[in-house]
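An overview of the molecular structure
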Amino acid sequence: MNKAFTKESEGDDDDDGPSLPALPQGTRNYMTPEGYARLRAEFMQLLDVERPKIVEIVSWAAKNGDRSENGDYLYGKKRLREIDRRLRFLTKRLDIAEVVDPSAHHGSDQVFFGATVTYANSKGEERTITIKGIDESDSLAGEVSWVSPIARTLIKAREGDELQLVTPVGVETIEIVEVRYPKPAA
């Protein structure tokens, strides 16, 4: 079948990818200053470095004739769509970003955004997590999103509080052992 008569799926252009969950309706996109800087750097890298390189490759490949069998052209167009999709996503997320500096709560024993919390379950097993933005959390590094069930349970609680955490296997009682925040920049 001739490629000229095929249609790409309509969802491709607006699909921001499955990598990150949606924000709750009507909320801000809370981020730490480091998370915001990381997303902004990715945006600028894509916009100023990667996209111009791919545009140059695609325009060079387009001049070489038959585009249907030109790998540079086909790959370049695909990569350009991926970059543009990511740029749209980053633009949306950065536009609604609200940068929250966790060091403002330094010395507090109450859990807010940006806190590093150590808690123990009823068996005495301790776990330490840091509450971060939805776009910057990394579960492998012990970082959870502020919209996660554990973060929602911990927010506004204090050291020593016992809380009921709803898990897939049932309700678990946890106790907050320690709450830490980074020191303010001098």
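This is a predicted model, so every value here is computed, not measured.

So, on to the environment of arginine 86. Along the chain, the position of arginine 86 falls in helix 2 (residues 71–95). Distance from arginine 86 to leucine 46, taken between C-alpha atoms, is 8.5 Å for residues 40 residues apart in sequence.

On average, residues of the chain score 86 in pLDDT, and 88% of them are at 70 or above. Of all helices and strands in the chain, the one with the weakest mean pLDDT is strand 1 (residues 29–31) (91), whereas strand 4 (residues 126–132) scores best (96). In this model, residues 6–16 is a region of pLDDT below 50 whose contacts with residues beyond four sequence positions or in other chains number 10 contacts.

Our next topic: helix 2. In this model helix 2 runs 36 Å from its N-terminal to its C-terminal C-alpha over 25 residues, within 8% of the 36 Å that 1.5 Å per residue would give. All buried positions along helix 2 are accounted for by Tyr73, Gly76, Leu80, Ile83, Arg85, Leu87, Phe89, Leu90, Arg93 and Leu94.

Sheets are built from strands paired through backbone hydrogen bonds, the pairs being either parallel or antiparallel. Spatially, five strands are ordered 5-4-3-7-6 in an open sheet, and the strand pairing comes out mixed. Taken across any chain shown, the strands that pair with only one partner, and hence form the sheet edges, are strand 5 (143–145) and strand 6 (162–167). Each strand of the sheet is rotated relative to its neighbour by a mean of 45 degrees, with strand direction disregarded. Both strand 3 (residues 116–121) and strand 7 (residues 170–180) contribute to a ladder of six bridges, which runs antiparallel. Note on strand 7: the bridge partner recorded for threonine 118 is glutamate 178.

The next subject is the packing of helix 1 (residues 33–62) against helix 2. Direction vectors running N to C along helix 1 and helix 2 enclose 155 degrees, while the axes themselves pass 9 Å from each other. Classified by the angle their axes make, helix 1 and helix 2 are roughly antiparallel. In this structure, helix 1 crosses over helix 2, and the sense of that crossing is left-handed. Taken together, the residues of the contact of helix 1 with helix 2 sort by class into 18 nonpolar, two polar and nine charged.

A few words now on the pattern of salt bridges. Applying the stated criterion across every chain yields a total of 10 salt bridges. The partner of glutamate 136 in a salt bridge is arginine 38, with the nearest N and O atoms 3.9 Å apart. Taken together, the residues span a long stretch of sequence, with glutamate 136 in the loop between strand 4 and strand 5 and arginine 38 in helix 1 at a distance of 98 residues. Under the relative-accessibility criterion, glutamate 136 is labelled buried at 8%. Between arginine 93 and aspartate 135 there is a salt bridge whose closest N-O contact spans 2.6 Å. Taken together, the residues arginine 93 in helix 2 and aspartate 135 in the loop between strand 4 and strand 5 connect sequence positions 42 residues apart. One exposure class covers both arginine 93 and aspartate 135, and it is buried. Residues joined in a network through salt bridges with shared partners are Glu50, Lys78, Arg79 and Glu82.

A word on helix 1. Residues separated by three or four positions in an α-helix point in the same direction, a consequence of the helix having 3.6 residues per turn. With 30 residues, helix 1 ought to run about 44 Å at 1.5 Å a step, and its terminal C-alpha atoms sit 42 Å apart, in line with that. At leucine 46, helix 1 shows its maximal kink, close to 40 degrees. All buried positions along helix 1 are accounted for by Gly35, Leu39, Phe43, Leu46, Ile54, Val58, Ala61 and Ala62. On its buried side, helix 1 packs onto strand 1 and helix 2.

The side-chain alternation of strand 6 yields one buried face, formed by Leu163, Leu165 and Thr167, and one unburied face, formed by Glu162, Gln164 and Val166. Relative to strand 7, strand 6 runs antiparallel, the two sharing six bridges. Looking at the pairing, glutamine 164 lines up with threonine 173 of strand 7. Joining the antiparallel neighbours strand 6 and strand 7 is a turn of two residues.

Cut-offs applied
- Residues numbered from 1 in each chain as written.
- Predicted model: local features only at pLDDT ≥ 70, side-chain atom pairs only at ≥ 80, totals over all residues.
- Heavy atoms only, no water.
- Helix = DSSP H or I, 4+ residues; strand = E, 2+ residues; numbered from the N terminus.
- pLDDT = per-residue confidence, 0-100.
- Contact = heavy atoms within 4.5 Å.
- Expected span 1.5 Å × (residues − 1).
- Buried < 20%, exposed > 50% of the residue type's maximum accessible area, 1.4 Å probe, protein only.
- Pairing = 2+ DSSP bridges.
- Axes fitted to C-alpha atoms, helices over the stretch in contact; angles between N-to-C directions.
- Parallel < 35°, antiparallel > 145°, perpendicular 65-115°, else oblique.
- Left-handed = near helix turned anticlockwise from the far one by under 90°.
- Nonpolar A, V, L, I, M, F, W, Y, C, P; charged D, E, K, R; others polar.
- Salt bridge = Lys/Arg side-chain N within 4 Å of Asp/Glu carboxyl O.
- Bend = angle between axes of the 7 residues up to and from the residue.

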